[in-house]
Amino acid sequence: MAYWLVKSEPEAFSWAEQVRNGVEPWTGVRNYQARNNLSAMKTGDLALFYHSVSEKRIVGVVEIVREAYPDPTADDPRWVCVDVKARGAFAHPVSLADIKADPALAEMALLKHSRLSVAPVTDAEFRHLTGIGGWTRP
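No experiment lies behind these values; they were computed from the predicted model shown. (Residues numbered from 1 in each chain as written. Predicted model: local features only at pLDDT ≥ 70, side-chain atom pairs only at ≥ 80, totals over all residues. Heavy atoms only, no water.)

### With respect to helix H5 (residues 123-133)
For H5, every residue scored as buried is listed here: Glu125, Phe126, Leu129, Thr130 and Gly133. Mapping the buried residues of H5 onto a view down its axis gives an arc of 120°, with all of them on the same face. In this structure, H5 carries Arg127 and Gly131 as exposed residues pointing more than 90 degrees from its buried face. Looking at the buried positions of H5, the neighbouring elements they touch are strand E1 (3-8), strand E3 (46-51), strand E4 (57-70), strand E5 (80-95), helix H3 (96-101) and strand E6 (118-121). Of the residues flanking the end of H5, it is Gly134, one or two places downstream, whose phi is positive at about 75°. (Buried < 20%, exposed > 50% of the residue type's maximum accessible area, 1.4 Å probe, protein only. Helix = DSSP H or I, 4+ residues; strand = E, 2+ residues; numbered from the N terminus. Arc of directions from axis to C-beta. Contact = heavy atoms within 4.5 Å.)

Put into C-alpha cells, the structure is as follows:
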C-alpha cells in the first residue's frame with residue numbers, strides 16, 4: 001500500500017462534498033508530476049485530503065477505489081483521474097503551520113514541492129499525521 005496527499009480548494013470541492021458524494025473522481029489535475037502520481041495510485045492506497053488556499057490543513061483520509069483512467073474534464077486523454085472514497089475525517093485537522101513546525105515532517109513532499117496538488121507521503125509521515133489528527137483505520 002502507498003500513501004498520498006491530494007489537495008483541493010474547499011471552495012471548489014470540500015471534504016463535506018466528498019463525504020456526501022461517496023465515490024468521487026479526482027479530476028482537474030493539469031500538472032505532469034501530479035498526473036504521474038495519480039497514475040501510480042493503486043486500488044486500496046490511502047490519501048490525506050488537504051484543504052488548500054483558504055484553510056491549509058489536512059481534514060481527512062480517502063481511499064483510492066478506481067485506478068487512473070482518462071479525465072473526463074480534459075480534452076487531452078493524457079490527463080488522468082482516479083476515483084476516491086472518504087474513509088474518515090480527522091478529529092483534529094492538522095494545519096500547514098503544524099506540519100512545518102514538526103521536525104518529523106521536515107522532508108514531506110508537501111513542504112518540498114508546495115505547489116504539487118498530488119504528492120506521495122511516506123508510511124511514517126502518514127502514521128504520524130493520522131496520529132496527530134486522531135484518525136484510525138475503520
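### Concerning helix H2 (residues 32-40)
Along H2, the positions that sit buried rather than exposed are Ala34, Arg35, Asn37 and Leu38. Down the axis of H2, the smallest arc covering the buried residues is 160°, so these residues share one side. Where the residues of H2 are buried, they touch E1, strand E2 (23-26), E4, E5 and E6. Sitting at the amino-terminal end of H2 is Asn31, which places a side-chain oxygen 2.9 Å from the backbone nitrogen of Gln33. (Polar contact = N/O pair within 3.5 Å; in protein donor to acceptor, adjacent residues only side chain to side chain.)

### Here we look at the nonpolar core
Side chains of a nonpolar character, in soluble globular proteins, are inclined to be buried together. Trp26, Leu38, Met41 and Val118 are the most contacted members of the largest nonpolar core, which has 21 residues in total. At the level of secondary structure, the elements contributing two or more residues to this core comprise E1, H2, E3, E4, E5 and E6. One finds Leu46, Phe90, Val121 and Leu129 within the second-largest nonpolar core, a separate group that totals 18 residues. (Core = buried A, V, L, I, M, F, W, Y, C linked by side-chain atoms within 4.5 Å.)

### A look at the sheet that holds E3
Paired through their backbone hydrogen bonds, the strands of a sheet run either parallel or antiparallel. Here six strands make up an open sheet; going across it, the order is E2-E5-E4-E3-E1-E6 and the pairing mixed. What marks the edges here is a single partner per strand, and that holds for E2 and E6. Each adjacent strand pair in this sheet contributes to an overall mean axis angle of 40°, direction not counted. Relative to E5, E4 runs antiparallel, the two sharing 10 bridges. (Pairing = 2+ DSSP bridges. Axes fitted to C-alpha atoms, helices over the stretch in contact; angles between N-to-C directions.)

### Thoughts on the pattern of salt bridges
Counted by the stated rule, this structure contains six salt bridges. The residue Arg87 makes a salt bridge to Glu63 at a minimum N-O spacing of 2.8 Å. Of the two residues, Arg87 sits in strand E5 while Glu63 sits in strand E4, which places them 24 residues apart along the sequence. Its salt-bridge partner being Asp123, residue Arg127 comes within 2.8 Å of it at the nearest N-O pair. Of this pair, Arg127 and Asp123 both sit in helix H5, four residues apart, which is roughly one turn of that helix. With relative accessibility at 52%, the residue Arg127 sits in the exposed group. (Salt bridge = Lys/Arg side-chain N within 4 Å of Asp/Glu carboxyl O.)

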